[in-house]
Every structure is written in C-alpha cells, then in structure tokens.
Amino acid sequence: VMPALLIRLRETLARSARRAWGQAALDFIFPAECAACNGFSGDDRVGIFCKTCWDGIQRLDAPGCRQCGRPFLAFAAAPGFPEFLCGECQASPPFFDRAISAAFYGGVMKAAIHQFKFSQKTGLGNMLASVILQAIDGKFDPSVYRIILPVPLHRSRYKQKSTRLNSSHSQISY
C-alpha cells in the first residue's frame, strides 16, 4: 500500500503531464500569440506574452521619491543615492506614507494590467505580483507599517463592474 503522499504526488505529476500535453496540442492547433507583439510565444512564454516582451518590461530601479515613488531618472546611475521627497510631495504631501513604483506604465506592462483588470485574465495576477515583489525587495520593511491596503474600487464603480473582477480585491490573494 502506497502512502497517501506518494499517491497524491503521482496524481499531481499525471495532471501536470496531461496539462503539458494538452498545451502542446493546443499550441499545435492554435499557435500561442503574444498579446504584446503578436508573434509566436513558444514554450518559454510568460502567461500571454512571449519571454522577450515580458523581459522587456522597464522596471524602475532608479532612486525615487520616498513618499510617492516617482522615479528620479536623472539619478539612475548614482548608486546609493539618498531618498528625497519630490517637489510635489514637498509642496502638497499626499495622505499616505509610502508608495513604491514597480515599472513604467507602458508597453507590455500596460497590456498586462489591462488584460488583468478589464479582460479577466486572472492568471496574470501572479506575474504582476512578482514584478511588484521584485520592486519592493530591500526597499520595504513590513514591520514599520501597521497596515498595508490595496486601493479598492469606489462603491459606484464596484456596482458598475459587478460581474467583473475587482482587481484591487483579487491582488490581496497574490
């Protein structure tokens, strides 16, 4: 008699093999097209994007405003640049303590966010979360903050999107 763990492992491997064969068959019949460049995505695709497009996302590694997260692009080449407040935050401080920008909103990132929010491509949630996690790695100490909140939809917008996904709410699970 096989232990339950080995039985579950065997079932999981069988499911993943069936999934891989099923994906290969679908790719043969309906070649996977990248949602950004419309080229063939191939086996190394990342969600609905080819690896080249996904790797081309412009991540924000430059120093930025310590409050709103706006990057100081002029100082991108200055390692160890101290954190300052941007002019807008100095003139009119926002009602939050900290925001961190993960990537430029354009190209593949814009397409991914639009697919996630408006086309219910919830599978992109893990990939978008990984971009955010890479951005906050080393810049964020969760013990400093009492609470971290996603920005939810306003009640009227939530009713408007009642059949669609509330992306702010769903990102909590990623």
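Residues numbered from 1 in each chain as written. Predicted model: local features only at pLDDT ≥ 70, side-chain atom pairs only at ≥ 80, totals over all residues. Heavy atoms only, no water.

A. Focus on the overall build of the protein chain. For the protein chain, the helix and strand inventory stands at 7 helices and 0 strands. Taken from the N to the C terminus, the helices and strands of the protein chain come in the order α-α-α-α-α-α-α. Looking at the protein chain residue by residue over its 174 residues, the buried ones come to 23%. For the protein chain, contacts bridging at least 24 residues in sequence account for 47% of all contacts bridging at least 6. With an accessible surface of roughly 12700 Å², the protein chain has 59% of that area assigned to carbon and sulfur atoms. (Helix = DSSP H or I, 4+ residues; strand = E, 2+ residues; numbered from the N terminus. Buried < 20%, exposed > 50% of the residue type's maximum accessible area, 1.4 Å probe, protein only. Contact = heavy atoms within 4.5 Å. Areas by Shrake-Rupley, 256 points an atom, 1.4 Å probe, with all protein chains shown as cover.)

B. Here's a closer look at the pattern of salt bridges. Inspection of every chain in the model, using the stated rule, returns 2 salt bridges. In this structure, the salt-bridge partner of Asp55 is Lys51, at a minimum N-O distance of 3.0 Å. With Asp55 and Lys51 both in helix 2 (residues 51-55), this residue pair falls 4 residues apart, about one helical turn. The class of Asp55 is partly exposed, set by a relative accessible area of 48%. (Salt bridge = Lys/Arg side-chain N within 4 Å of Asp/Glu carboxyl O.)

C. Spotlight on helix 4 (residues 107-118). For helix 4, with 12 residues, the first-to-last C-alpha span of 16 Å sits near the 16 Å given by 1.5 Å per residue. Two residues or fewer after helix 4 comes Gln120, characterised by a positive phi angle close to 55°. (Expected span 1.5 Å × (residues − 1).)

D. Focus on unusual backbone geometry. Even without being glycine, Asn38 reaches a positive phi, approximately 65°. Note on placement: Asn38 falls in the loop between helix 1 (4-29) and helix 2.

E. Inspection of the nonpolar core at higher detail. In this structure, Phe49, Trp54 and Leu128 are the most contacted members of the largest nonpolar core, which totals 18 residues. Contributing elements (two or more residues each) for this core: helix 2, helix 4 and helix 5 (124-136). Of all the elements, helix 5 adds the most residues to this core, at 5 residues. With 5 residues, the next largest nonpolar core counts Cys68, Phe72, Cys86 and Cys89 among its residues. (Core = buried A, V, L, I, M, F, W, Y, C linked by side-chain atoms within 4.5 Å.)

F. Up close: helix 5. Taking 1.5 Å as the rise per residue, helix 5 with 13 residues should run 18 Å; its terminal C-alpha atoms sit 19 Å apart, in good agreement. Where helix 5 is concerned, the buried positions are Leu124, Gly125, Met127, Leu128, Ala129, Val131 and Ala135. Lining the buried residues of helix 5 we find helix 2 and helix 4.

G. Representation of the confidence of the model for the protein chain within the structure. Put simply, the protein chain has an average pLDDT of 75, and 70% of its residues get 70 or more. Within the protein chain, helix 7 (residues 167-171) has the poorest average pLDDT of any element, 50, and helix 3 (residues 87-91) the best, 91. (pLDDT = per-residue confidence, 0-100.)

H. Region of the structure containing the side chain of Gln67. Position of Gln67 among the secondary structure elements: in the loop between helix 2 and helix 3. Setting aside residues no more than four positions away along its own chain, Gln67 makes contact with Leu85, Cys89, Pro94, Phe96, Asp97, Arg98 and Ala99.

I. Highlighting the packing of helix 4 against helix 5. For the pair helix 4 and helix 5, interaxial distance at closest approach is 10 Å and the crossing angle is 135°. Between helix 4 and helix 5, the crossing angle belongs to the class labelled oblique. The two elements helix 4 and helix 5 cross, and the hand of that crossing is left-handed. Seen from helix 4, the contacting residues are Met109, Ala112, Ile113, Gln115 and Phe116; seen from helix 5, they are Leu124, Gly125, Leu128 and Val131. Looking at the contact of helix 4 with helix 5, its residues break down into 7 nonpolar, 2 polar and no charged. (Axes fitted to C-alpha atoms, helices over the stretch in contact; angles between N-to-C directions. Parallel < 35°, antiparallel > 145°, perpendicular 65-115°, else oblique. Left-handed = near helix turned anticlockwise from the far one by under 90°. Nonpolar A, V, L, I, M, F, W, Y, C, P; charged D, E, K, R; others polar.)

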